[in-house]
Amino acid sequence: MKDIDTVNMSADDWDEQNFPRPDTNEFDRVVERAISRRGFLGGVLAFGSGAAAMGTGLLSGTSAEAQAATNRFPFTPIDIQTDFDVHLPEGYSWHTMMRWGDPLFSDATGYDVNAGGGPVEGSDRVFGENTDGMETFSLNGRTILAINSEYTNRGTNLPADQEGVPANAGDVRKLQNLQGVTVVEVAEGETGWSIVTDSPYNRRIHHNTPMQITGPAAGHDLLKTAADPTGTQSLGTMNNCGSGRTPWGTYLTCEENFNGYFGSTAEAQDQKPNALVDGYARYGIGTDGWGYDYHKWDARFDTAQNPNEPHRAGWVVEIDPTDPESTPVKHTGLGRFKHENAEVVLAADGRVVVYMGDDERGEFMYKFVSNGAYAPGGPTEGLLDDGTLYVAKFNDDQTGEWLPLTPETTGMDSEAEIRIFARKAGSAVGATTMDRPEWISVNPHAVEGYCCLTNNRNRGVKPNAGGDATPVGGPNPREVNHYGQIVRWQPHGDDHAAETFDWDLYVMAGNPTVHDDAYAGSSNITPGNMFNSPDGMAFDSSGLVWIQTDGDYDNEGDFEGMGNNQMLVGDPVTGEIARFMTGPYGCEVTGLCWSNDRRTMFVGIQHPGGSWPDGEGLPRSSVIAVKRDDNAVLG
């Protein structure tokens, strides 16, 4: 049996254990700018939304109550919490809309997650585990949600005596079924929002669902397998983290830590360890997966038998939630890496722009710009594949460039290989190594984008997986960054297709009660709104930005006074930030969308502690519905 600590190890820690970065402080570039609140932060440019200077007019105080609500925040900010419940401001209420294991169809009503995580039978007919990114869709008055299920808690999905380790192919199939995407119709009744059981739109898209592969890499030899010699048909989408939606009404689900599902049954050859396939190390693919053990029971995940299968994961997948018979599409035009989310916006001339982050320490931010323009009601084929993939370079003078990834700029052989090994392409052109780019969101009322850089304990200490330096500077201004920040950029010419931009930091998370230097955070961080590790992010229709956290919740040391993970709301104009919600102890708050009438906010609670939300039995990741008590518009 594996040690239980391996079962509970995070994806980031697993990557570092299996692919350790060199311990070094030697870098080719040395950033000379002094980093301090009066130096770097005091001179940060503010733009786009009308702010004159970051921090201007911000509220201060020793508690959330000391922060008076402004006209932009129609609530009184709340204090931190450390219990096993959800808390909201006065005048707001919540209820659980759906939980891991809730049936989508009447033939799964007996599914019981408390019985060893539930049986194999029916595990593809219930709401998946560990909810993450999600989006709302409307069709003929119906409300349809598409919701990611990022991963499974193996220790609770398998019998206790197995310590989270699959013992047979059935165990693996159950884990595969409970991940992926849930498409579900919901409706609001007298007791609140709930699943419409047996809706014709309900379906589960999991690790064995047929997919189509399109774009520059489709049909390339690196994507061909014995089961699919064409390299254009695959099975499954996995580790679905953030999301996005297209202007034409489809859902984008993003494959993040896919590397942990693959391993090898042939660990040695001629008494020597098997050499890794070219590109495996950069993407963290080794001989033993992240505890799932798929490779021992499902040959598709055994790289000794199928060395190209990992190349078929790590993409953005498009799903039509209104057509249950449609086949999901993996768009290779958007590049292969650990996708967080996919924020889609239109350029000034109608071309489709997709912003994306690669969520690993020291990896990059990307942008895709289509060659064709979107026209409402017109054809959309090729809009997410036929175009140019760019990677971001942030300069210390607060300007930046989107560097095109082409055979000429990267020295790589083809567009297909650039997309398959996008990380290698980004390194070749000198992209800026970032502090784990998480969700990206675009302001609906200003031509500007925001990206959560959640944290990076390796900043200024170790290079990334490709050997690229991670010096302190630019949008990553703190060594051993365990608080995170949000970078903001304004495309030149107010055009998201532009190849140059200006940037600033909207906020640097920190703790002003513990530190009096850069680790205290930027001037819009106060003792009443502290947080760490910004992760999820979305703008509402009024232009406020909602920020969700996935960080340290022990409420001790550097994190004293921060409490449980939370959801805050920010004003891009003033820089003001206020705490709106706290989640139960142990959880990540992740995934956010609104009902079509904007009167309900759907929020995801992933891996909660205790026995939330039921008060007994296993803790269950869930989606909650948040409303104002007066049923007024919320966002």
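Higher on the page you've got the structure.
Predicted model, so just to flag it, every value in this text is computed and none were measured. (Residues numbered from 1 in each chain as written. Predicted model: local features only at pLDDT ≥ 70, side-chain atom pairs only at ≥ 80, totals over all residues. Heavy atoms only, no water.)

Quick look at the overall build of the protein now. Looking only at helices and strands, the protein has nine helices and 30 strands in total. Split into buried and exposed, the 635 residues of the protein put 60% on the buried side. Long-range contacts, defined here as pairs at least 24 residues apart, represent 65% of the contacts in the protein between residues at least 6 apart. Total accessible area on the protein stands at roughly 22000 Å², and carbon and sulfur atoms take up 46% of it. (Helix = DSSP H or I, 4+ residues; strand = E, 2+ residues; numbered from the N terminus. Buried < 20%, exposed > 50% of the residue type's maximum accessible area, 1.4 Å probe, protein only. Contact = heavy atoms within 4.5 Å. Areas by Shrake-Rupley, 256 points an atom, 1.4 Å probe, with all protein chains shown as cover.)

Moving on to the nonpolar core. One finds Tyr261, Phe262, Val352, Val354, Met356 and Tyr366 to be the most contacted residues of the largest nonpolar core, which totals 49 residues. When residues no more than four places from it in sequence are discounted, the contact partners of Tyr261 are Glu150, Tyr151, Gln179, His207, Met238, Asn239, Tyr292, Tyr294 and Phe301. (Core = buried A, V, L, I, M, F, W, Y, C linked by side-chain atoms within 4.5 Å.)

Here we come to unusual backbone geometry. The phi torsion of most residues other than glycine is negative, and most of the peptide bonds are trans. With an omega of 5°, the peptide bond running from Trp612 to Pro613 counts as cis. Along the chain, the position of Pro613 falls in the loop between β29 (600–606) and β30 (622–628). Not every positive phi belongs to a glycine, and Gln398 is a case in point at roughly 70°. On the secondary structure map, Gln398 appears in the loop between β18 (387–394) and β19 (399–404). Unlike most non-glycine residues, Ser533 shows phi in positive territory, near 55°. Of the residues examined, Ser533 reaches a relative accessible area of 2% and is grouped as buried.

Read from one edge of the open sheet, four strands run β24-β25-β26-β27, paired in antiparallel fashion. Both outer strands of the open sheet, β24 (534–539) and β27 (577–582), are each paired with one neighbouring strand and no more. Neighbouring strand axes in the sheet, compared pairwise and without regard to direction, differ in orientation by 25° on average. Alignment of strand β26 (residues 566–570) against β27, held across five bridges, turns out to be antiparallel. Looking at the pairing, Leu568 lines up with Arg579 of β27. (Pairing = 2+ DSSP bridges. Axes fitted to C-alpha atoms, helices over the stretch in contact; angles between N-to-C directions.)

A separate point is the sheet that holds strand β23 (residues 500–508). The nine strands are arranged β15-β16-β17-β18-β19-β23-β22-β21-β20 in an open sheet whose pairing can be described as antiparallel. Single-partner strands in this sheet number two, and they are β15 (339–346) and β20 (437–442). Each strand of the sheet is rotated relative to its neighbour by a mean of 30°, with strand direction disregarded. Note that strand β17 (residues 365–373) and β18 share five bridges and pair antiparallel. Counterpart to Phe368 in the pairing with β18 is Leu389.

Attention now moves to the pattern of salt bridges. Summed over the entire model, instances satisfying the criterion amount to 27 salt bridges. When the shortest N-O distance is used, the salt bridge between Arg142 and Glu185 registers 2.8 Å. Residue Arg142 is located in strand β3 (residues 142–149), and its partner Glu185 is located in strand β4 (residues 180–189); the two are separated by 43 residues in the primary sequence. We classify Arg142 as partly exposed; its relative accessible area is 31%. Assessed through its relative accessible area of 7%, Glu185 is described here as buried. When the shortest N-O distance is used, the salt bridge between Asp358 and Arg423 registers 2.7 Å. In this pair, Asp358 sits in strand β16 (residues 351–358) while Arg423 sits in helix α9 (residues 422–428), placing the two residues 65 residues apart along the sequence. (Salt bridge = Lys/Arg side-chain N within 4 Å of Asp/Glu carboxyl O.)

What follows covers the packing of aromatic side chains. How two aromatic rings sit relative to each other is given by the distance of their centres and the angle of their planes. Throughout the structure, instances matching the rule amount to 30 aromatic pairs. The interplanar angle of 45° and the centroid separation of 5.8 Å between the aromatic rings of Tyr355 and Trp402 together place this pair among those described as tilted. On the criterion of sequence distance, the pair formed by Tyr355 in strand β16 and Trp402 in strand β19 is long-range, its members being 47 residues apart. As far as the burial class goes, Tyr355 and Trp402 line up, both buried. Grouped by ring-pair contacts, the aromatic residues Tyr151, Tyr261, Phe262, Trp290, Tyr292, Tyr294 and Phe301 constitute a single cluster. The aromatic ring of Phe105 is capped on one face by Arg125, whose charged end is 3.9 Å from the ring centroid. The cationic tip of Arg154 hangs over the ring face of Trp290; the distance from NZ or CZ to the ring centre is 5.5 Å. (Phe/Tyr/Trp six-rings, centres within 6.5 Å; stacked < 30°, edge-to-face > 60°. Lys NZ or Arg CZ within 6 Å of the ring centre and 35° of its normal.)

Bringing helix α4 (residues 169–177) into the picture now. Listed in full, the buried residues belonging to α4 are Asp171, Val172, Lys174, Leu175, Gln176 and Asn177. Regarding α4, its N-cap is Asn168, as a side-chain oxygen of that residue lies 3.0 Å from the backbone nitrogen of Gly170 further along. (Polar contact = N/O pair within 3.5 Å; in protein donor to acceptor, adjacent residues only side chain to side chain.)

With that settled, the discussion passes to the pairing of β20. The buried fraction of β20 is high, at six of six residues. Pairing of β20 with strand β21 (residues 449–453), which is carried by four bridges, proceeds in the antiparallel orientation. For Ser441, the partnering residue across the bridge sits in β21 and is Tyr450. Connecting the antiparallel pair β20 and β21 is a turn made up of six residues.

Function cannot be read off these values alone, since they describe shape.
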